Amino acid sequence: MTGRVRVISDNDYSGDPDGLVQLAHQALSPSAELVAVIGSHLRPGDPFDPSPNTADKAAAEARVVLELAGRTDVPVIAGSNAALPDRTTAIDTPAARAIIDAALADDPRPLYVCLGAGLTELASAWLLEPRIAGRLTATWIGGAEHPGL
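The following refers to the structure shown. Please read all numbers here as calculations on a predicted model, not as lab measurements.

## Points about the sheet that holds strand β1 (residues 5–11)
Sheets are built from strands paired through backbone hydrogen bonds, the pairs being either parallel or antiparallel.
And step 1. Strand order across the open sheet formed by five strands is β3-β2-β1-β4-β5, with parallel pairing between neighbours. Looking at the sheet topology across the chains shown, the edges are occupied by β3 (76–78) and β5 (137–140). For this sheet the average axis-to-axis angle between neighbouring strands, irrespective of direction, equals 20°.

If you want it as structure tokens, here you go:
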């Protein structure tokens, strides 16, 4: 399946189920190529999943949705199970590398990274390879964890 744009969906799929609904919609959209799906971690002690391996669980949940949608062709990658240790230290994961690879790919279609959770993988990708900054558009919906935003 190809589309006018390329999309990477990055969400905490083991948390609030709204991300799973978004993923089903994205998986079935003919106007966008779903390049990869990244399962992100939840904050420690999150009531939806208080386990220490929420990114792994998020990837497993995303695989179920994609299988139900008939989209087993889409790679699903677990992100880091922890947040960045600070603003300058990347966590080098296969998920961050997938963002880098998609951003630097020789493809004329725009790349959108749609984030419904933390920004760990995108921040790590940028810290590892700053050239991606001008080669993608990030769309993020965040939560109430950050007062004043």
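## A few points about helix α2 (residues 54–68)
And step 1. The terminal C-alpha atoms of α2, which comprises 15 residues, lie 21 Å apart, in line with the 21 Å expected from a rise of 1.5 Å per residue.
And step 2. Looking at the packing, one finds that the buried side of α2 touches β1, α1 (18–28), β2 (32–39) and β3.
And step 3. Two residues or fewer after α2 comes Gly 70, characterised by a positive phi angle close to 75°.

## Re the pairing of β5
And step 1. Sheet analysis places strand β4 (residues 111–115) next to β5, joined by four bridges and oriented parallel. Residue pairing for β5: Cys 114 is matched across the bridge by Thr 139.

## Describing the pattern of salt bridges
And step 1. In total, this model carries eight salt bridges according to the counting rule given.
And step 2. Taking the shortest distance from any N to any O, the salt bridge between Asp 73 and Arg 71 comes out at 2.9 Å.
And step 3. Ionic pairing is found between Arg 109 and Asp 107, a salt bridge with its closest N-O pair at 2.8 Å.
And step 4. What emerges from the salt-bridge pattern is a single network uniting Arg 6, Glu 33, Asp 107 and Arg 109.

## Overview of the packing of helix α3 (residues 94–104) against helix α4 (residues 120–128)
And step 1. With their axes 8 Å apart at the nearest point, α3 and α4 run at an angle of 65° to one another. Remark: the crossing between α3 and α4 carries right-handed chirality. The segment α3 lies against α4, with Ala 95, Ala 96, Arg 97, Ile 99 and Ile 100 engaging Glu 121, Leu 122, Ser 124, Ala 125 and Leu 128.
And step 2. Of the residues contributing to the contact of α3 with α4, the split by class is seven nonpolar, one polar and two charged.

## Overview of the nonpolar core
And step 1. By size, the foremost hydrophobic cluster in this structure holds 18 residues, and its most contacted members are Ile 8, Ile 99, Leu 111, Val 113, Ala 125, Ile 132 and Leu 136.
And step 2. Counting residues per element, the ones that place at least two in this core are β2, α3, β4 and α4.
And step 3. By residue number, the principal contributor to this core is α3, which donates seven residues.
And step 4. Val 7, Ala 27, Ala 59 and Leu 66 belong to the second-largest nonpolar core, a separate cluster that totals 15 residues.

## Some points on the side chain of Glu 129
And step 1. Here Glu 129 lies in the loop between α4 and β5.
And step 2. If near-sequence neighbours (up to four positions away) are discounted, Glu 129 is found in contact with Ile 100 and Leu 104.

## Thoughts on the environment of Pro 47
And step 1. Mapping Pro 47 onto the fold places it in the loop between β2 and α2.
And step 2. Along the chain, Pro 47 and Leu 28 lie 19 residues apart, while their C-alpha atoms are 29 Å from each other.

About the thresholds
- Residues numbered from 1 in each chain as written.
- Predicted model: local features only at pLDDT ≥ 70, side-chain atom pairs only at ≥ 80, totals over all residues.
- Heavy atoms only, no water.
- Pairing = 2+ DSSP bridges.
- Helix = DSSP H or I, 4+ residues; strand = E, 2+ residues; numbered from the N terminus.
- Axes fitted to C-alpha atoms, helices over the stretch in contact; angles between N-to-C directions.
- Expected span 1.5 Å × (residues − 1).
- Contact = heavy atoms within 4.5 Å.
- Salt bridge = Lys/Arg side-chain N within 4 Å of Asp/Glu carboxyl O.
- Left-handed = near helix turned anticlockwise from the far one by under 90°.
- Nonpolar A, V, L, I, M, F, W, Y, C, P; charged D, E, K, R; others polar.
- Core = buried A, V, L, I, M, F, W, Y, C linked by side-chain atoms within 4.5 Å.
- Buried < 20%, exposed > 50% of the residue type's maximum accessible area, 1.4 Å probe, protein only.

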